[in-house]
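Here is what each chain is made of, one letter per residue.
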Amino acid sequence: MVTQVGDGSRPAVERSGVPELWWSDAPNDPWRDPWSPAAVLAPALASAPALEPAPDPDRPRRPLAAGAMVALVAAVAALAGGVGGVIGFAAAREGAGPQLGEVTPVAAERPPGSSAALVRAVLPSVVTIQVDEAGATSVGSGFVVSGDGHVITNEHVLTDAGREVAVMFADGRRSSAAIVGRDPESDLAVLKVRQPVGLRPVRFGDSDRLAVGDPVFAFGSPLALRNTVTSGIVSALDRPLQTGGSGEQVRYYAAIQTDAAVNQGNSGGPLVDGAGRVVGVNSVIQSLGGRREEAGNIGLAFAIPVNQAQRVTKEIIATGRAHRTVFGASVGADESGGVRLSAVPSGGPAAVAGLRAGDVVSALDGQVLAEAVDLIALVRRRAPGSVVSVAYQRGGDRRMASVTLTADAK
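Residues numbered from 1 in each chain as written. Predicted model: local features only at pLDDT ≥ 70, side-chain atom pairs only at ≥ 80, totals over all residues. Heavy atoms only, no water.

Caption draft 1: Spatial organisation of the overall build of the chain. The number of helices and strands found in the chain is 5 helices and 22 strands. Taking all 410 residues of the chain together, 37% fall into the buried category. In the chain, the proportion of contacts linking residues at least 24 apart, taken out of those at least 6 apart, comes to 55%. When the accessible surface of the chain is split by element, carbon and sulfur atoms take 56% of a total near 23,200 Å². (Helix = DSSP H or I, 4+ residues; strand = E, 2+ residues; numbered from the N terminus. Buried < 20%, exposed > 50% of the residue type's maximum accessible area, 1.4 Å probe, protein only. Contact = heavy atoms within 4.5 Å. Areas by Shrake-Rupley, 256 points an atom, 1.4 Å probe, with all protein chains shown as cover.)

Right, here's the structure in full:
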């Protein structure tokens, strides 16, 4: 039987009783019928195509018809709009940031001067201090100042400590540390890490060169949250403070004031400037809480200037204690403002400068004094041997004196 396939113009070929159902010219297709001879079929040209005459280049050309001109302009405008749309889409996509599923490794890079780079450089030098005493545990902060293991912290962090405390580094390593010495009045203390391996000391700045408005970062373990960093600005300089009383240790600060968030546990941690250098030791916060346990950050924190901290801690490392800087007078507030000298011992700095009991000091190095704590705090911040300019009143006369501060005798 022969089966018709295709348009019926040519029958399908049957071999071995099996019809091959291909297109109508299958018998002559070498790829479909292996028994047929190879053949190449090409339609013959009936005649050569006639060539069109070449245009005369000197023949004047007719201008485009108005309709053709409009069509050409429309085509160019459409093409420009399409290109502009593609460029606009690409720009919008670029400005919109990474799309879902896209990876942008460049965006994760932080330049050397970024805040993240600063934190990464300082954090390995910051430690958490754990004090265990009478079944209770308290947490403070500190920072490494030498490769052999010296750490600066606040004295009040160690108030209930024994002879040793536990220190934890940013990478999780722990070590015991011995208390080298402490100075309760300046609220500074020095520890010595027992296993000083791979320690990275901080870089020191110059607290005397700070200006109000400078950016700062506070490092530490507020509320036992280790490796915490907050930022703010210098809000004020030489802020006189007095803490303690009623049986507690009295401390004086001529502090760096900052709005960087500082809480309990930040005490002893470094205050760092915008270049990653330590400029202060976080020590005190102002709070609206009625009790110390309820105190929390309200944007008023205070740090000991690092120039004072370095001087005191060097003395502690060298001798186990530090000297106080003294003015050489007993002081009290005056009703009219300023600080009244109630007693001026002979041979002391104030007496040598010509001051007497009853004189009222109104300014020190140009800083106005409102009460006794102002004079004491500003004197304590300076090193023995410093010369300060003092404005004072004696009777109705306004006078000036230069006082060379000295160290206490103890």
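Caption draft 2: The arrangement of the side chain of Asp359 in detail. Relative to the assigned elements, Asp359 resides in the loop between α4 (349-352) and β18 (360-364). On the basis of relative accessible area, Asp359 is assigned to the buried category, the value being 2%. Of note is the side chain of Asp359, whose polar atom sits 2.8 Å from the backbone nitrogen of Arg356. Contacts of Asp359, omitting those with residues within four sequence positions, involve Val339, Arg340, Leu341, Tyr392, Gln393 and Arg394. (Polar contact = N/O pair within 3.5 Å; in protein donor to acceptor, adjacent residues only side chain to side chain.)

Caption draft 3: Structural detail: the nonpolar core. Ranked by internal contacts, the top residues of the largest apolar core, which has 27 residues, are Leu118, Phe143, Leu188, Phe219, Val272 and Val281. Within the residue set of this core, elements represented by two or more residues are α2 (115-122), β8 (188-193), β9 (215-220), β11 (251-258), β13 (278-285), β14 (301-305) and α3 (306-319). For this core, the element with the most residues is α3, which contributes 4 residues. With residues near it in sequence (within four places) discarded, Leu188 still touches Ile152, Thr153, Glu155, Arg182, Asp183, Val281, Ile304, Gln308, Ala309, Val312 and Ile316. (Core = buried A, V, L, I, M, F, W, Y, C linked by side-chain atoms within 4.5 Å.)

Caption draft 4: Up close: the side chain of Ser207. The topology assignment puts Ser207 in the loop between β8 and β9. Since its relative accessible area comes to 7%, Ser207 is described here as buried. When neighbours within four sequence positions are excluded, Ser207 is seen to be in contact with Ile256, Val279, Pro305, Val306 and Asn307.

Caption draft 5: Inspection of α2 at higher detail. Where α2 is concerned, the buried positions are Ala117, Leu118, Val119 and Val122. Looking at the packing, one finds that the buried side of α2 touches β3 (126-133), β9, β10 (228-243) and β12 (270-273).

Caption draft 6: Representation of the sheet that holds strand β6 (residues 164-169) in the model. Here 6 strands make up a closed barrel; going around it, the order is β3-β4-β5-β8-β7-β6 and the pairing antiparallel. Pairwise comparison of adjacent strand axes, ignoring direction, gives a mean angle of 40 degrees for this sheet. The sheet contact formed by strand β5 (residues 150-153) and β8 spans 4 bridges and is antiparallel. Each bridged residue has a counterpart across the sheet, and for Ile152 the counterpart in β8 is Val190. Packed on one face of the sheet, α3 meets β5, β7 (174-183) and β8 and runs near 55 degrees to β8. (Pairing = 2+ DSSP bridges. Axes fitted to C-alpha atoms, helices over the stretch in contact; angles between N-to-C directions.)

Caption draft 7: Summary view of α3. Taking 1.5 Å of rise per residue, 14 residues should cover 20 Å, and α3 covers 20 Å from first to last C-alpha, within 8% of that figure. The set of residues buried in α3 consists of Val306, Gln308, Ala309, Gln310, Arg311, Val312, Thr313 and Ile316. Note on α3: the residue one or two positions beyond its end, Gly320, has a positive phi of about 90 degrees. (Expected span 1.5 Å × (residues − 1).)

Caption draft 8: Up close: the sheet that holds β9. Strand order around the closed barrel formed by 6 strands is β9-β10-β11-β14-β13-β12, with antiparallel pairing between neighbours. The sheet shows a mean angle of 50 degrees between the axes of neighbouring strands, direction not considered. Two elements, β11 and β14, share 3 bridges in a ladder whose sense is antiparallel. Residue Thr258 lies in a different strand from β14, and its bridge partner there is Ala301. The sheet contacts of α2 involve β9, β10 and β12, and relative to β9 the element is tilted by about 40 degrees.

Caption draft 9: Just a nonpolar patch on the surface, in detail. On the surface, Leu288, Ile298 and Leu300 cluster together into a nonpolar patch covering about 290 Å² of accessible area. Its location among the elements puts Ile298 in the loop between β13 and β14. Given a relative accessible area of 40%, Ile298 falls into the partly exposed group. (Patch = residues over 30% accessible without salt bridge, like charges linked within 9 Å, V, L, I, M, F, W, Y side chains within 5 Å. Salt bridge = Lys/Arg side-chain N within 4 Å of Asp/Glu carboxyl O.)

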